[in-house]
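Chains, contacts and geometry: an overview
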Amino acid sequence: MGPSVIAGMAGAPLRYPQSALAPAGPVARSEFQLIQLSLVIMLGVFVAVTAAFAYTAVRYRSRPGNLAPASAVDENRRLEIGWTLVPLILLVVMAVPTVKDSYALTPPDTPRVVDVRVIGHQFWWELQYTRLGVTTANELVIPYGRKIDLSLTSADVIHSFWVPRLAGKTDLNPGQLNTAWIQADRPGVYEGQCAEYCGLGHANMHIRVVAVTDREFARWVDGMRHPRVTPASALAKRGMALFGQVGCSSCHTVAGTRFHGQLGPELTGMGNRATIAAGTLTNTPAHLRRWLANPPAILPGSTMPDLHLTGSQISALTAYVESLR
Ligand code: CUA
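Residues numbered from 1 in each chain as written. Predicted model: local features only at pLDDT ≥ 70, side-chain atom pairs only at ≥ 80, totals over all residues. Heavy atoms only, no water.

**Regarding the packing of helix H2 (residues 26-59) against helix H3 (residues 77-104)**
Just so we agree on the cut-off: Geometry is summarised by axes, namely lines fitted to C-alpha atoms with helices restricted to the contacting stretch, and by angles between N-to-C directions that run from 0 to 180 degrees. Strands here mean DSSP runs of E at least two residues long; helices mean DSSP runs of H or I at least four residues long; both are numbered from the N terminus. The labels follow the angle: roughly parallel below 35 degrees, roughly antiparallel above 145, roughly perpendicular from 65 to 115, and oblique for the rest. Note on contacts: a residue pair is in contact if any heavy atoms of the two residues lie within 4.5 Å. All residues other than Ala, Val, Leu, Ile, Met, Phe, Trp, Tyr, Cys, Pro, Asp, Glu, Lys and Arg, Gly among them, are scored as polar; the first ten of these are nonpolar and the last four charged.
Running from N to C, H2 and H3 point in directions that differ by 175°, and their axes come no closer than 10 Å. Classified by the angle between their axes, H2 and H3 sit roughly antiparallel to one another. Contact residues: Ser30, Leu34, Leu37, Ser38, Ile41 and Val45 in H2; Leu90, Val93, Met94, Pro97, Thr98 and Asp101 in H3. When grouped by side-chain class, the residues that make up the contact of H2 with H3 number 8 nonpolar, 3 polar and 1 charged.

Next comes the structure, spelled out in C-alpha cells:
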C-alpha cells in the first residue's frame, strides 16, 4: 500500500471523530443501542419521579388556615409493591441485552483471520499481527467488514484502548491479557485515544485504525513483510548509517535490517504511515525534522530523548525514515 492510500483516506473531516454516538461498526453499534436503551429508561424514570414529586408538592402544600400536620400513612401495599416491581422490571429490561451483548462481544477462543496483539507503552501502541508476522505501531491497519480480534496488554502501566466509533474501552493491564474485537463497516480512518491516565504523555497517546479493502490490506501486509531495505538516495543511505551510529537502532526495529531495538515503536513501513509521534503530527519531512530535533518538546514525557543531532544528521535521518516503505 502506497503512502497515498493511508494519507488520502482522511476524507471529509468529521466534526466529532471520536464520538461513541456515531458508531461505525457492529461492536460500537450494539454498545450505542445499550446507551440509548438505558437513556430512554432513565429519562422515563426521571420524568415519572419528577412529575410525582411536583404533583405531591402542589397538591399537599400547606395552605393558610390548614396548619394541622397531615395524617401519617403507615403503609400502602399497592404503592410499595409497585415501586419494588417497576425498578426490578426496568433492571431486567436493561440486563438482558447487556448480558447478551457481553457474550456476543467476547472474541472466540480460536482467533479469527486477523488477530492483533496490542501492547500499551508510555506513550505509544505496539501492534503485533501475530499470525501474519508483522509488527507496526500507532496505526492499526485492518481490512474493513471483517472481525479483528485483539488481545491487549501493557509493557508498563495501565492504558486503555478506545476507538469510540468502533468499540468501547478495553484496558491494557501489565501481566494480563484482555480480549476484544472490532470491525469497521467502511474504509476510513477511525481516531482513538488512550483512555486511562498513564503519565505525562497520556493526552497525546493517539491510536488510529485505518480500515482498507481486503486487497489493500494484503498489499500492506506484503509490503511490511518485504520492506525495501536499502534506500535509493545517497542522503537516505547516510541516514541509514547514522541510524546505527547515533543510537536510533538501540530502540527501534526496521525489518530486514540489523536494527533490532525493542524499546521504541517498530519503524518498518514508517514512510507509509500518516502520522508520527503517536499520532501527534502528520507524517511530513518537516514534522519529522521537528520531532527528531527535540522529541520531548513535541510529546511531553516522551521516552525518546533529544539526541542533540545536527541539522545535517536530521536531514539524513529524515530521508532514511521517510524511505522506509
Ligand atoms: Cu496510555 Cu493513557
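**Some remarks on the sheet that holds strand S3 (residues 134-137)**
For clarity, the threshold we go by: For two strands to count as paired, DSSP must find a minimum of two bridges between them.
The sheet built from 5 strands is open, its strands ordered S3-S2-S1-S5-S8 with mixed pairing. The outermost strands of the open sheet, each flanked by one partner alone, are S3 and strand S8 (178-182). Neighbouring strand axes in the sheet, compared pairwise and without regard to direction, differ in orientation by 25° on average. Here strand S1 (residues 114-121) pairs with strand S2 (residues 124-129) via 6 bridges, running antiparallel. Looking at the pairing, His121 lines up with Trp124 of S2. Packed on one face of the sheet, helix H4 (residues 214-225) meets S1, S2 and S3 and runs near 100° to S3.

**Observations concerning helix H8 (residues 311-323)**
Keep this limit in mind: Residue count minus one, scaled by 1.5 Å, sets the expected span of a helix. For the exposure calls, accessible area comes from a 1.4 Å probe over protein chains only, and a residue counts as buried if that area is under 20% of its type's maximum, exposed if over 50%, partly exposed in between.
Relative to the 18 Å expected for 13 residues at 1.5 Å per residue, H8 spans 18 Å between its end C-alpha atoms, a close match to the ideal helical length. Of the residues making up H8, those classed as buried are Gln313, Ile314, Ala316, Leu317, Thr318, Tyr320, Val321, Glu322 and Ser323. The inward-facing, buried residues of H8 abut helix H5 (234-245) and helix H6 (285-293).

**Topic: H5**
Going by this rule: When we speak of the arc, we mean the arc of directions from the helix axis to the C-beta atoms.
The end-to-end C-alpha distance of H5, which contains 12 residues, comes to 17 Å, matching closely the 16 Å that a straight helix rising 1.5 Å per residue would cover. Buried within H5 are the following residues: Ala236, Gly239, Met240, Leu242 and Phe243. One side of H5 carries all its buried residues, which in axial view fall inside an arc of 165°. In H5, the exposed positions angled more than 90 degrees off the buried face are occupied by Ala234 and Gln245. Buried residues along H5 sit in contact with H8. Immediately beyond the C-terminal end of H5, within one or two residues, lies Gly247, with a positive phi of roughly 115°.

**Observations regarding the nonpolar core**
For the record, the criterion: In these notes, a set of buried Ala, Val, Leu, Ile, Met, Phe, Trp, Tyr and Cys residues joined through side-chain atoms within 4.5 Å is what counts as a nonpolar core.
Ranked by size, the top nonpolar core spans 40 residues in total, and within it Tyr129, Leu140 and Phe161 carry the most contacts. Apart from residues no more than four positions distant in its own chain, Phe161 is found in contact with Val118, Trp125, Leu140, Leu150, Leu152, Gly168, Lys169, Thr170, Leu172 and Ile207.

**What about the packing of aromatic side chains?**
The condition that has to hold: Planes of paired rings set the category: under 30 degrees apart is stacked, over 60 is edge-to-face and the rest tilted, where pairs are Phe, Tyr or Trp rings (Trp by its six-membered ring) whose centres lie within 6.5 Å. Whether a charge sits over a ring comes down to the Lys NZ or Arg CZ being within 6 Å of the ring centre and within 35 degrees of the ring normal.
Considering all chains together, one arrives at 7 aromatic pairs under this definition. Aromatic pair Phe243 and Tyr320: ring centres 5.5 Å apart, planes at 70°, arrangement edge-to-face. Taken together, the residues span a long stretch of sequence, with Phe243 in helix H5 and Tyr320 in helix H8 at a distance of 77 residues. Residue Phe243 shares its accessibility class with Tyr320, and that shared class is buried. Among the aromatic residues, those joined into a cluster by ring pairs are Tyr129, Phe217 and Trp220. The ring of Trp181 carries the charged tip of Lys147 above its face, separated from the ring centre by 5.4 Å. Between Lys169 and the ring centre of Trp162, over which it is positioned, the NZ or CZ distance is 4.5 Å.

**Quick look at the domain arrangement of the protein**
To keep it simple, the criterion reads: All the domain ranges listed were derived from an automatic or database domain assignment. Computed with a 1.4 Å rolling probe, the buried area is the accessible surface lost when two parts are put together, summed over both parts. Here, a salt bridge means any side-chain nitrogen of Lys or Arg that lies within 4 Å of a carboxyl oxygen of Asp or Glu. Each polar contact in these results corresponds to two N or O atoms within 3.5 Å; when the atoms are within protein, one needs to be able to donate a hydrogen and the other to accept it, and residues that are neighboring in sequence are counted only if both atoms are side-chain atoms.
With domains assigned, the protein is organised as domain 1 (26-61 + 76-104), domain 2 (115-225) and domain 3 (234-322). In this assembly, 6 residues from domain 1 lie in contact with 9 residues from domain 2. Carbon and sulfur atoms make up 52% of the surface buried where domain 1 meets domain 2, a total of about 540 Å² over both sides. In terms of surface lost to domain 2, no three residues of domain 1 exceed Pro26, Val27 and Ala28, which account for 68% of the buried area on that side. In this structure, the connection of domain 1 to domain 2 is made through 1 salt bridge. Across the pair Asp185 and Arg29 runs a salt bridge, and its minimum N-O distance is 2.7 Å. Seen at the junction of domain 1 and domain 2, the total is 4 residue pairs in polar contact (both at pLDDT 80 or more). No other element matches H2, which puts 5 residues into the side of domain 1 that touches domain 2.

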